[in-house]
Amino acid sequence: YFLIVSRVVGGKGLELAVRACTELGLPLKVAGEAAGWSGEMKRLKRLAGHQVEFLGSISDEELANLYSGARAFLATAHDEDFGMTVVEAQLCGIPVIAYRGGGYLETVIDGKTGIFFDEYSVQGLKRALGKFSIQYSVFSISAIQNHAKKFSKERFVKQMKNIISHAVSQTSHSSLKNLDNSCV
């Protein structure tokens, strides 16, 4: 099955995935609840074929099992800021099929940890799903997981410390240089 983990709201591109998987007869699981006052969940359920399953809210343990069992993760938001679920999927070794935009450009490596689609449409996603099925054997679980580790908390903290240390040393060096020039 293909997997989406998302709040069920209009801006996440869920309709693309539901329509594409329904038209291709591919199994899709959508984990996440409807948010706000919208009728998006009802609308998507009306569009969905029998192979699309809406799971609602799930536990962390269920989520880990879903990630681990998925063929690929679908990231269909048009302009997602970062997309932590994409990194979570990759940490489980699952390739990502993502729209080429937003934060996905930072978290997915085309041909290595997933594939992109450029045309933001049902047809564009269907072509990507077809391309993915041909290239599926190319993806390495360990390569995908190693890439996801680049977004770990430990690496973030280490890099921030290095950046701050560098900035402080540059500021100190610059202040000393200015001080030397003013004494001349």
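Scroll up to find the structure.
What comes next is a walk through the structure.

Each value, and the rule that gives it
- Residues numbered from 1 in each chain as written.
- Predicted model: local features only at pLDDT ≥ 70, side-chain atom pairs only at ≥ 80, totals over all residues.
- Heavy atoms only, no water.
- Patch = residues over 30% accessible without salt bridge, like charges linked within 9 Å, V, L, I, M, F, W, Y side chains within 5 Å.
- Areas by Shrake-Rupley, 256 points an atom, 1.4 Å probe, with all protein chains shown as cover.
- Salt bridge = Lys/Arg side-chain N within 4 Å of Asp/Glu carboxyl O.
- Lys, Arg positive; Asp, Glu negative; His and termini not counted.
- Charge placed at Lys NZ, Arg CZ, Asp CG, Glu CD.
- Helix = DSSP H or I, 4+ residues; strand = E, 2+ residues; numbered from the N terminus.
- Buried < 20%, exposed > 50% of the residue type's maximum accessible area, 1.4 Å probe, protein only.
- Contact = heavy atoms within 4.5 Å.
- Polar contact = N/O pair within 3.5 Å; in protein donor to acceptor, adjacent residues only side chain to side chain.
- Phe/Tyr/Trp six-rings, centres within 6.5 Å; stacked < 30°, edge-to-face > 60°.
- Pairing = 2+ DSSP bridges.
- Axes fitted to C-alpha atoms, helices over the stretch in contact; angles between N-to-C directions.

The subject of this paragraph is a positive patch on the surface. Among the surface-exposed residues, Lys 112, Lys 150, Arg 155 and Lys 158 lie close enough to one another that they form a single positively charged patch. Mapped onto the elements, Lys 112 comes out in the loop between α5 (104-107) and β6 (114-117). The exposure class assigned to Lys 112 is partly exposed, which follows from its relative accessible area of 44%.

As a further point, take the environment of Pro 27. Inspection of the secondary structure puts Pro 27 in the loop between α1 (14-24) and β2 (28-31). Between the alpha carbons of Pro 27 and Arg 71 there is a distance of 9.8 Å; along the sequence they are 44 residues apart. When residues no more than four places from it in sequence are discounted, the contact partners of Pro 27 are Tyr 1, Phe 2 and Gln 51.

Another aspect to go through is the side chain of Thr 76. With respect to the helices and strands, the residue Thr 76 is situated in the loop between β4 (72-75) and α4 (84-91). A polar side-chain atom of Thr 76 sits 2.9 Å from the main-chain carbonyl oxygen of Gly 13. Setting aside its immediate chain neighbours within four residues, Thr 76 contacts Ile 4, Lys 12, Gly 13, Leu 14, Leu 16, Ala 17, Tyr 104, Phe 117, Tyr 120 and Leu 125.

With that settled, consider α1. Within α1 the residues assigned to the buried category are Leu 14, Leu 16, Ala 17, Val 18, Ala 20 and Cys 21. Backbone geometry just after α1 places Gly 25 at a positive phi near 70 degrees.

A full pass over the atoms with the stated rule returns 7 aromatic pairs. Seen in terms of ring centroids, Tyr 99 and Tyr 120 are 4.9 Å apart; in terms of plane orientation they differ by 75 degrees. Their pairing is edge-to-face. Taken together, the residues span a long stretch of sequence, with Tyr 99 in strand β5 (residues 96-99) and Tyr 120 in the loop between β6 and α6 (122-135) at a distance of 21 residues. Using a relative accessible area of 12% as the deciding quantity, one classes Tyr 99 as buried. Accessibility expressed as a relative area gives 30% for Tyr 120, which makes it partly exposed. Ring geometry for Phe 132 against Tyr 136: centres 5.4 Å apart, planes inclined by 70 degrees, an arrangement best described as edge-to-face. Accessibility expressed as a relative area gives 0% for Phe 132, which makes it buried. A relative accessible area of 34% means that Tyr 136 is categorised as partly exposed.

Our focus in this paragraph is the sheet that holds β4. Note on sheets: strands pair through backbone hydrogen bonds, and any given pair is parallel or antiparallel. Strands sit in the order β3-β2-β1-β4-β5-β6 across an open sheet of 6 strands; the sheet is parallel. On the outer flanks of this sheet lie β3 (52-56) and β6, each paired with one strand and no other. In this sheet, adjacent strand axes meet at a mean angle of 25 degrees when their direction is disregarded. Two strands pair when backbone bridges link them, and β5 and β6 are joined in this way by 4 bridges, in the parallel orientation.

What follows covers the environment of Ala 72. As for its placement among the helices and strands, Ala 72 is situated in strand β4. Between the C-alpha atom of Ala 72 and that of Tyr 1, which follows or precedes it by 71 residues, the distance is 7.4 Å. Apart from the residues within four sequence positions on either side, Ala 72 is in contact with Tyr 1, Phe 2, Leu 3, Ile 94, Pro 95, Ile 97 and Phe 132.

Purely geometric numbers; function is a separate question.
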